[in-house]
Amino acid sequence: MSKAHGSWQRINQALDEMGYNIPNTSTVERFNGTARRMNAHQVRRSLAFAHRSDTRQAVAWWSATVYNWVREHRSLRAPLEVPEGKKRFQQRTPAMAVGLTEHIWTEAQILRAPVYIASQE
């Protein structure tokens, strides 16, 4: 088996985190399908297009940011300690699941958040 990029150690670590022993094509294709649905530039035979690579890259980063910070994922929901009426689960985003934030962000909050560039040392 060959790899496209990255180290075998990183690939094996990711597989362990997802609970797989071998690479799973359906996981990769599911991510690709979600990315295409969120980014019209990646859809096959679309009227949307971007001639400049920096535009395509910016839209791809925006899609990834929305996916991880704004979109709640049913598979990541956590049971509430005390149910609130009919609500028994706390919806979470991937960023919440890994502990980067405690709330679901809005796109407006992301656009207003200050960005600090890391030093290049």
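This text goes with the structure placed above it.
A short note on the overall build of the protein chain
Next up, step 1: Looking only at helices and strands, the protein chain features 5 helices and 2 strands.
Next up, step 2: Counted from the first residue to the last, the protein chain has its helices and strands arranged as α-α-α-β-β-α-α.
Next up, step 3: Per-residue burial over the protein chain gives 13% buried out of 121 residues.
Next up, step 4: Accessible area for the protein chain stands at about 10,400 Å²; split by element, carbon and sulfur atoms hold 53% of it.

Some words on the packing of aromatic side chains
Next up, step 1: Applying the stated criterion across every chain, the model contains 1 aromatic pair.
Next up, step 2: Taking 5.3 Å as the distance between ring centres and 75° as the angle between the ring planes, the aromatic pair formed by Trp-69 and Trp-105 counts as edge-to-face. You can see Trp-69 sitting in helix 3 (residues 53-69) and its partner Trp-105 sitting in the loop between helix 4 (94-97) and helix 5 (107-112), a full 36 residues away along the chain.
Next up, step 3: Exposure remark for Trp-105: the relative accessible area of 21% places this residue in the partly exposed category.
Next up, step 4: In this structure, Arg-77 is placed above the aromatic ring of Phe-89, and the distance from its NZ or CZ to the ring centre is 3.8 Å.

Looking at the pairing of strand 2 (residues 87-90)
Next up, step 1: Alignment of strand 1 (residues 78-84) against strand 2, held across 3 bridges, turns out to be antiparallel. Paired with Pro-79 across the strands is Phe-89, a residue of strand 2.
Next up, step 2: In this structure, the hairpin formed by strand 1 and strand 2 is closed by a connection of 2 residues, where Gly-85 is found at a positive phi of approximately 65°.

What to know about the side chain of His-73
Next up, step 1: Tracing the backbone shows His-73 in the loop between helix 3 and strand 1.
Next up, step 2: A distance of 3.1 Å separates a polar atom in the side chain of His-73 from the backbone oxygen of Tyr-67.
Next up, step 3: With sequence-adjacent residues up to four places away left out, His-73 is seen in contact with Tyr-67, Gln-91, Arg-92, Thr-93 and Pro-94.

About the cut-offs
Residues numbered from 1 in each chain as written. Predicted model: local features only at pLDDT ≥ 70, side-chain atom pairs only at ≥ 80, totals over all residues. Heavy atoms only, no water. Helix = DSSP H or I, 4+ residues; strand = E, 2+ residues; numbered from the N terminus. Buried < 20%, exposed > 50% of the residue type's maximum accessible area, 1.4 Å probe, protein only. Areas by Shrake-Rupley, 256 points an atom, 1.4 Å probe, with all protein chains shown as cover. Phe/Tyr/Trp six-rings, centres within 6.5 Å; stacked < 30°, edge-to-face > 60°. Lys NZ or Arg CZ within 6 Å of the ring centre and 35° of its normal. Pairing = 2+ DSSP bridges. Polar contact = N/O pair within 3.5 Å; in protein donor to acceptor, adjacent residues only side chain to side chain. Contact = heavy atoms within 4.5 Å.

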